[in-house]
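# Summary of structural features
Given next are the chains, with one letter for each unit.
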Amino acid sequence: MEVKDITGLESIQELFQEDSLELVDLAVHNYMRLMTYYRCAIKEIETKFNVLNEEFSLQYDRNPINAIKSRLKRPKSIQKKLTMRHLPPTLESIEENLNDVAGIRVVCSFVEDVYALAESLLSQDDIRLLEKKDYIASPKKNGYRSLHLIVEIPIFLAYEKRNMKVEIQLRTIAMDCWADLEHQLRYKKDSDFTEEMDEKLSYCAQLCACLDGQMSDLGAKVGIFNKEGQ
Ligand code: 0O2
């Protein structure tokens, strides 16, 4: 159902008119319902990763997942993205055009775990891959590295099945550390970053990539990636 535009209301009194209240109630209710669907989709994916973590830890005798974080995009960020892309502010538009309302970040121990987990998840028959961006193979210009997947997963409601989109970011501890700090330092901030600062951040990203490489080498040497865990 379409959420009507209520931004034109001039005063709070107008908002509290019987008709307007009904409109606001309906809009809030429908928005909350859609967000509930996204939350359910997040839970489904989280469960899948937790199952994979359990199974991998049995197989390899260690946990490939260090942490799982999830978030629902805030209304303000949703509105900002729709406006920026000149998209209509409707629920249909959110579902159709935004891929990252539901987001999950899976922080892995080794780069190998990132790809192994992604492959296992994508081989599941209820998961449909819509988009893949491999910023590990091809890091962003600023040094950002992560594997991004946009997937569609069904959620089962009382009387219907709905396919929901979820953005999954898989990265190592080192990649997460860099992204987290870089985000605090710069991402979404308006303050100017000098070229020198850019270079420093990019250098730090290279150090993180180097760290991942060294850890993978060590992992391979001690046979951590062997199926038998030897
Ligand atoms: P938030 O609050 O983390 O969700 P799109 O999302 O497809 O419209 P884009 O840029 O094509 O836009 O998507 P992309 O490249 O897949 O990146 C989306 C998300 O990846 C961002 O979400 C960040 O979480 C993360 N990301 C991408 N680039 C960087 C980066 O340079 N540094 C850091 N720290 N994170 C990055 P949001 O919506 O921007 O923010």
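Our structure is the block above this text.
Reading the values: rules and limits
Residues numbered from 1 in each chain as written. Predicted model: local features only at pLDDT ≥ 70, side-chain atom pairs only at ≥ 80, totals over all residues. Heavy atoms only, no water. Helix = DSSP H or I, 4+ residues; strand = E, 2+ residues; numbered from the N terminus. Buried < 20%, exposed > 50% of the residue type's maximum accessible area, 1.4 Å probe, protein only. Contact = heavy atoms within 4.5 Å. Areas by Shrake-Rupley, 256 points an atom, 1.4 Å probe, with all protein chains shown as cover. Expected span 1.5 Å × (residues − 1). Pairing = 2+ DSSP bridges. Axes fitted to C-alpha atoms, helices over the stretch in contact; angles between N-to-C directions. Parallel < 35°, antiparallel > 145°, perpendicular 65-115°, else oblique. Left-handed = near helix turned anticlockwise from the far one by under 90°. Phe/Tyr/Trp six-rings, centres within 6.5 Å; stacked < 30°, edge-to-face > 60°. Lys NZ or Arg CZ within 6 Å of the ring centre and 35° of its normal.

### Notes on the overall build of the protein chain
Across its full length, the protein chain carries seven helices and five strands. Moving toward the C terminus, one meets the helices and strands of the protein chain in the order α-α-β-α-α-β-α-β-β-β-α-α. Looking at the 230 residues of the protein chain, the share that counts as buried comes to 38%. Relative to all contacts within the protein chain whose residues are 6 or more apart in sequence, the contacts with residues 24 or more apart total 66%. Counting every atom, the protein chain has about 14,400 Å² of accessible surface; 52% of that belongs to carbon and sulfur.

### Observations regarding helix H6 (residues 173–185)
Side chains that are three or four residues apart share a direction in an α-helix, a result of its 3.6 residues per turn. Between its terminal C-alpha atoms H6 stretches 18 Å, which fits the 18 Å expected from 13 residues at 1.5 Å a residue. Within H6, burial applies to Ala174, Met175, Asp176, Trp178, Ala179 and Glu182. As for H6, its buried residues are in contact with strand S1 (65–72), strand S2 (102–108), helix H5 (111–122), strand S5 (161–172) and helix H7 (195–221).

### Regarding the sheet that holds strand S4 (residues 147–156)
The sheet built from five strands is open, its strands ordered S1-S2-S5-S4-S3 with mixed pairing. Single-partner strands in this sheet number two, and they are S1 and strand S3 (128–134). Adjacent strand axes in the sheet meet at a mean angle of 25° when their direction is disregarded. Pairing geometry for S1 and S2, over seven bridges, is antiparallel.

### Structural notes on the packing of H6 against H7
Where H6 contacts H7, the two axes come as close as 9 Å, and the packing angle between them is 165°. On the basis of their axis angle, the class for H6 and H7 is roughly antiparallel. When you trace H6 past H7, the crossing you get is right-handed. Every residue of H7 that contacts H6 at Ala174, Met175, Trp178, Glu182 and Leu185 is listed here: Leu201, Cys204, Ala205, Cys208, Leu211 and Asp212.

### Digging into the packing of aromatic side chains
The geometry of two aromatic rings is summed up by the distance between their centres and the angle between their planes. Using the criterion set out here, one finds three aromatic pairs in the structure. Seen from their ring centres, Phe56 and Tyr60 are 5.4 Å apart, and the 35° between their planes marks the pair as tilted. On the criterion of helical spacing, the pair formed by Phe56 and Tyr60 is a turn pair, its members being four residues apart in helix H2 (residues 18–60). The same class applies to Phe56 and to Tyr60, which are both buried. Aromatic side chains Phe110 and Phe225 sit 5.2 Å apart centroid to centroid with 90° between the ring planes, which places their arrangement in the edge-to-face category. With a gap of 115 residues between them, Phe110 in the loop between S2 and H5 and Phe225 in the segment after H7 connect regions that are remote in the sequence. On the basis of relative accessibility, which here comes to 22%, the residue Phe225 falls in the partly exposed class. In this structure, Arg62 packs its charged tip against the face of Tyr60, placed 5.9 Å from the ring centre. The side chain of Lys140 reaches across the aromatic face of Tyr135, ending 5.3 Å from its centre.

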